[in-house]
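Read off the chains here:
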Amino acid sequence: MNQSLEKYNRMPVGQAVVKNALPAVAAMLMVLIYNLADTFFIGQTHDAYQVAAVSLATPVFLMFMSLGSVFGIGGTSTISRAFGEGRKAYAGKISAFCMWSCVGIGILISGCLLLFMEPILILVGASSETWEFTKSYLTIVSFCGPFALISSCFSNVLRAEGQAGNAMNGQLIGNITNMILDAVFIIGFQWGIVGCALATLIGETVGVLYYLIYFWRGKSSLSVNIRDFGLKNKVASGVLAIGIPAALGSILMSVSQMVMNSQMTAYGDMALAGIGVAMKVVMITGMVSMGIGQGVQPLLGYCVGANNWKRLSNT
């Protein structure tokens, strides 16, 4: 049985919720801050078309993260319940399934983005002035598909074994790397939106490396070994049955932003740039709520697995 998560479930309920939820909230806010940082540094180019292009491309990139949360949220739920039942080996198989599913789907989605780039640009509402900027950004960012899915997934899954701090650290390291490189590439090297996209690609890669090093050092009860990947014993159905409905909110948020951006193009690229910045600010309350939910989820799952219904209701 996982000792870290068991420790959380020996704490008073309020203390356990706060200690597990606060890092999750901080990680979600950091995602928003680094998205705002992209807009801020691109704004230093004083080119509104590049700002508009980032607004157009952002929901497409967030779709990667939303797909990763299918496995992150679904995996967290099934893994925490498995730990509550004392099924450590089964929990390892679930995490391996999540890992390699993210790799496979990430590569598939990246390929589709590159293959159908022009229809996607039309769909998101790129104009003649923003077309090349948006295309450059999405072309580079498409290569971080697997990394974005894995990062989104394991920023959730590690909480299932009580590692809220390490779950947060992977996101923080990736996001801080992104922001530093934004300043270097956009302001220092004057690479504009290409620099912004490269910073995103490198930041996501660094975040994933943190999670992989955590596993390679043997600090986890879980597994990312491809030999543990499998579909038996309802591993896939257990993850997807929880993950797909839970991730629909994030997916639909990205879709609605794409639709709104497409409609805003009728009012010009300047209006599009403005609404893109405003929407990122509006997302703050949603990110806080999502962070609280993600922080509490493994505690609830463990209680269900352990049949501790009294603590479940108190949580």
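What you see is a predicted model; the values in this text were computed from it and never measured.

Caption draft 1: Expanded view of the overall build of the chain. Secondary structure summary: the chain contains 12 helices and 0 strands in total. For the chain, the sequential pattern of α-helices and β-strands runs α-α-α-α-α-α-α-α-α-α-α-α. Taking 315 residues into account, the globule formula puts the C-alpha radius of gyration at 20 Å, and the chain, at 20 Å, falls close to it. Expressed along its principal axes, the backbone C-alpha trace of the chain runs to roughly 60 × 40 × 35 Å.

Caption draft 2: Representation of helix H3 (residues 48-84) within the structure. Taking 1.5 Å as the rise per residue, H3 with 37 residues should run 54 Å; its terminal C-alpha atoms sit 52 Å apart, in good agreement. Within H3, the axis deviates most sharply at Thr58, by approximately 30°, and proline Pro59 lies no more than four positions further along. Within H3, 33 of the 37 residues are buried, which leaves it mostly tucked inside the rest of the structure. For H3, the N-terminal capping position is held by Asp47, with its side-chain oxygen 3.0 Å away from the main-chain nitrogen of Tyr49.

Caption draft 3: Up close: the side chain of Gln50. In this fold, Gln50 is placed in helix H3. Residue Gln50 is classed as buried on the basis of its relative accessible area, which comes to 10%. Reaching out from Gln50, the side chain makes a polar contact with the backbone nitrogen of Ile193 at a distance of 2.9 Å. Setting aside residues up to four positions removed in sequence, Gln50 forms contacts with Ile42, Thr45, Phe133, Gly192 and Ile193.

Caption draft 4: Quick peek at the nonpolar core. Judged by nonpolar contacts, the single largest core of 73 residues is most densely connected at Phe61, Phe71, Ile79, Tyr137, Leu138 and Phe154. Among the elements that line this core, the one with the most residues is H3, at 16 residues. With sequence-adjacent residues up to four places away left out, Ile79 is seen in contact with Ala91, Ile94, Ser95, Val157, Ala160 and Leu222.

Caption draft 5: Layout of a nonpolar patch on the surface. On the surface, a cluster of nonpolar side chains totalling about 510 Å² of accessible area is made up of Ile176, Ile180, Val184, Phe189, Trp191 and Val194. For the nonpolar patch, the element with the most residues is helix H8 (residues 164-188), which contributes 3 residues. Residue position: Ile176 is located in helix H8. You can call Ile176 partly exposed: its relative accessible area is 38%.

Caption draft 6: Looking closely at the packing of aromatic side chains. Taken as a whole and judged by the stated rule, the model has 10 aromatic pairs. Their ring planes at 75° and their centres at 5.3 Å tell us that Phe154 and Phe215 sit as a pair that is edge-to-face. Taken together, the residues span a long stretch of sequence, with Phe154 in helix H7 (residues 145-157) and Phe215 in helix H9 (residues 192-216) at a distance of 61 residues. One aromatic cluster is present, built from ring pairs that chain together Phe71, Phe97 and Phe229. The ring of Tyr90 has Arg87 lying over it, and the distance from NZ or CZ to the ring centre is 4.1 Å.

Caption draft 7: The arrangement of the side chain of Asp182 in detail. Mapping Asp182 onto the fold places it in helix H8. On the basis of relative accessibility, which here comes to 0%, the residue Asp182 falls in the buried class. When sequence neighbours within four positions are dropped, the list of residues in contact with Asp182 reads Ala37, Asp38, Phe41, Ile187, Gly195, Cys196 and Ala199.

Caption draft 8: Structural context of unusual backbone geometry. For Asn233, which is not glycine, the phi dihedral falls at a positive 60°. Note on placement: Asn233 falls in the loop between H9 and helix H10 (235-264). Within the chain, Lys234 stands out as a residue other than glycine whose phi angle is a positive 60°. Tracing the backbone shows Lys234 in the loop between H9 and H10.

Caption draft 9: Focus on the environment of Phe40. One can find Phe40 in helix H2 (residues 13-43). Through-space distance from the C-alpha of Phe40 to that of Tyr214 is 32 Å; in sequence the pair is 174 residues apart.

Caption draft 10: Expanded view of the pattern of salt bridges. What the rule picks out here adds up to 1 salt bridge. Among the ionic pairs, Glu85 bridges to Arg87, the shortest N-O distance being 3.3 Å. Under the relative-accessibility criterion, Glu85 is labelled partly exposed at 44%. Look at Arg87 and you get partly exposed, because its relative accessible area is 39%.

Caption draft 11: The arrangement of the environment of Tyr302 in detail. Tracing the chain through its elements places Tyr302 in helix H11 (residues 269-305). The class of Tyr302 is buried, set by a relative accessible area of 7%. Residues Tyr302 and Gly86, 216 residues apart in the sequence, show an inter-C-alpha distance of 9.7 Å.

About the cut-offs
Residues numbered from 1 in each chain as written. Predicted model: local features only at pLDDT ≥ 70, side-chain atom pairs only at ≥ 80, totals over all residues. Heavy atoms only, no water. Helix = DSSP H or I, 4+ residues; strand = E, 2+ residues; numbered from the N terminus. Rg over C-alpha atoms; globule rule 2.2 N^0.38 Å. Expected span 1.5 Å × (residues − 1). Bend = angle between axes of the 7 residues up to and from the residue. Buried < 20%, exposed > 50% of the residue type's maximum accessible area, 1.4 Å probe, protein only. Polar contact = N/O pair within 3.5 Å; in protein donor to acceptor, adjacent residues only side chain to side chain. Contact = heavy atoms within 4.5 Å. Core = buried A, V, L, I, M, F, W, Y, C linked by side-chain atoms within 4.5 Å. Patch = residues over 30% accessible without salt bridge, like charges linked within 9 Å, V, L, I, M, F, W, Y side chains within 5 Å. Areas by Shrake-Rupley, 256 points an atom, 1.4 Å probe, with all protein chains shown as cover. Salt bridge = Lys/Arg side-chain N within 4 Å of Asp/Glu carboxyl O. Phe/Tyr/Trp six-rings, centres within 6.5 Å; stacked < 30°, edge-to-face > 60°. Lys NZ or Arg CZ within 6 Å of the ring centre and 35° of its normal.

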